[in-house]
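Given next are the chains, with one letter for each unit.
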Amino acid sequence: MKKEGEEMLKENLFKDLMFLVVFLLGLLIMFGCGSQVNTDEAVAEKEDSPNMKSSSAESITSEEPLIVYANDFTDEIGPLFEEETGYQVEVIHGGGGEILARVEAEQGNPQWDVIWMDGHASLHSLADRGMFLEGWEPENLSQLSTEGESFLPSTNAYFPTGIHAAATLAYNKDAFTAETAPTTWEEFFQLSDIVGMADPGVAAPAYPVASWFFYDMGMDEAKAMFDEMFQENRLRVYPKNGPLGSALVNGEIKAAALQEHNSYGLKLNGENIEIIWPEEGVPGSVRVAAIGEHSENIEIAKAFVEFLLDMETQNQLTQMDDTDSFFTPLAEGATVRPDREVNPNIVVPDVEWASEHEAEIKQWFADRAVQ
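What counts, and at which threshold
- Residues numbered from 1 in each chain as written.
- Predicted model: local features only at pLDDT ≥ 70, side-chain atom pairs only at ≥ 80, totals over all residues.
- Heavy atoms only, no water.
- Pairing = 2+ DSSP bridges.
- Helix = DSSP H or I, 4+ residues; strand = E, 2+ residues; numbered from the N terminus.
- Axes fitted to C-alpha atoms, helices over the stretch in contact; angles between N-to-C directions.
- Buried < 20%, exposed > 50% of the residue type's maximum accessible area, 1.4 Å probe, protein only.
- Polar contact = N/O pair within 3.5 Å; in protein donor to acceptor, adjacent residues only side chain to side chain.
- Contact = heavy atoms within 4.5 Å.
- Core = buried A, V, L, I, M, F, W, Y, C linked by side-chain atoms within 4.5 Å.
- pLDDT = per-residue confidence, 0-100.
- Parallel < 35°, antiparallel > 145°, perpendicular 65-115°, else oblique.
- Left-handed = near helix turned anticlockwise from the far one by under 90°.

*Asks:* How should the sheet that holds strand β7 (residues 235-238) be read in this particular structure?
*Replies:* Hydrogen bonds between backbone atoms are what pair the strands of a sheet, whose relative direction is either parallel or antiparallel. The mixed open sheet is built from five strands, whose spatial order is β7-β6-β8-β5-β9. Edge positions in the open sheet fall to β7 and β9 (273-276), since each of these has one partner strand only. Each strand of the sheet is rotated relative to its neighbour by a mean of 25°, with strand direction disregarded. Both strand β5 (residues 168-172) and β9 contribute to a ladder of four bridges, which runs antiparallel.

Encoded structure:
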């Protein structure tokens, strides 16, 4: 009897132990499943949250302001963009030569996200070196005019927003009358009086001027013509269009290949000059925007380019009380200033040619300056 009692006790203890094991396993399974369900629900809730940014957006969008290098509208474009989008932008002003020099100096550590400046041949050279984002198509690209499309590269490395006269033919009315003033570029270059132009290596619009004449005449003929003018002291080259305009007003030179911003600015200020738009055309400078391939603010940079391409933005720029607003917008339907030539004949060289010969032409003028 005693033996049977011991065996029954062992059997009951074994059953109690097995029940405890099964009970504990059940608890583990129940809490494990519940934890998984809660985790899945939390993930789903997080993904559905409207405040959640995608991981890709976080990887390409910085909290730092968008940095734009520009040579015009530097005081106006930032506030307009911020008001429209809420994004912060810092616009850094510089002349065309200064911007290009800064970009070269920063190759190892670029400080810019977007370049927006005149002289698409210069930016075409940077695009050929892989400095810009390529292959992206803005939604507002559909607003580009036919003329604007002609300046768009096949890679979409940069986007044209406007074109203006890099050089109108301007003259001092004390030196000429309407009857004696030059009305063509040939007459301008043949004047015995001293004339002027801006330095192609310094001023953003000046290289488009030089490149057009070298392209139109041919390299050898253009060099021979300018050489003759330098040797006879009939041509003076000024660092930028501002000093060039001042020299025209004070009579230091009698006529100038002067950017339309400066020409119209002088006229609006009541200066004694007149503007001629030669029928054969005036050299043009195309303003383009390009996003840096290195940028960590890609999404904001894209928004900025979209903003620049928009017809309403370009209309705002052409109606500003600023001489920068003298340009032809390249968004279909955008209008020019009412006090500016409406349909001027603006000519530009082939961009591949202008890009290929940029260093040579700039160096040629630099060499003449030190002689």
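*Asks:* Whenever I open this one, the side chain of Arg287 confuses me. Can you help?
*Replies:* Mapping Arg287 onto the fold places it in strand β10 (residues 282-291). For Arg287, a relative accessible area of 2% gives the class buried. At 2.5 Å, the side chain of Arg287 and the side chain of Asp72 are in polar contact. In this structure, Arg287 is in contact with Asn71, Asp72, Phe73, Trp116, Met117, Asp118, Phe159, Pro160, Thr161, Gly162 and His261, ignoring residues within four places of it in sequence.

*Asks:* Please explain the nonpolar core as it appears in this structure.
*Replies:* Side chains of a nonpolar character, in soluble globular proteins, are inclined to be buried together. Of all hydrophobic cores here, the largest spans 92 residues; its most connected members are Val68, Ile115, Trp116, Phe132, Trp185, Phe214 and Phe226. Per element, the largest residue contribution to this core is eight residues, and it comes from helix α12 (residues 298-309). Of all hydrophobic cores here, the second largest spans 13 residues; its members include Ala203, Leu244, Ile253 and Leu258.

*Asks:* What should I look at first to understand the confidence of the model for the protein chain in this one?
*Replies:* Low pLDDT means the predicted coordinates in that region are not meant to be read closely. On average, residues of the protein chain score 87 in pLDDT, and 83% of them reach the 70 mark or higher. Low pLDDT, under 50, characterises residues 1-62; the stretch is placed with 14 contacts to residues that sit more than four places away or in other chains.

*Asks:* Where do I start with the packing of helix α9 (residues 219-231) against helix α15 (residues 358-369) in this structure?
*Replies:* Describing two packed helices takes the angle between their axes plus the distance from one axis to the other. Where α9 meets α15, the axes come as close as 12 Å, and the angle between the chain directions of the two elements is 20°. The orientation of α9 with respect to α15, classified from their angle, is roughly parallel. At the point where α9 passes α15, the crossing takes the right-handed sense. Between α9 and α15, the residues in contact are Met219, Lys223, Phe226, Asp227 and Phe230 and Glu360, Ile361, Trp364, Phe365 and Arg368, respectively.

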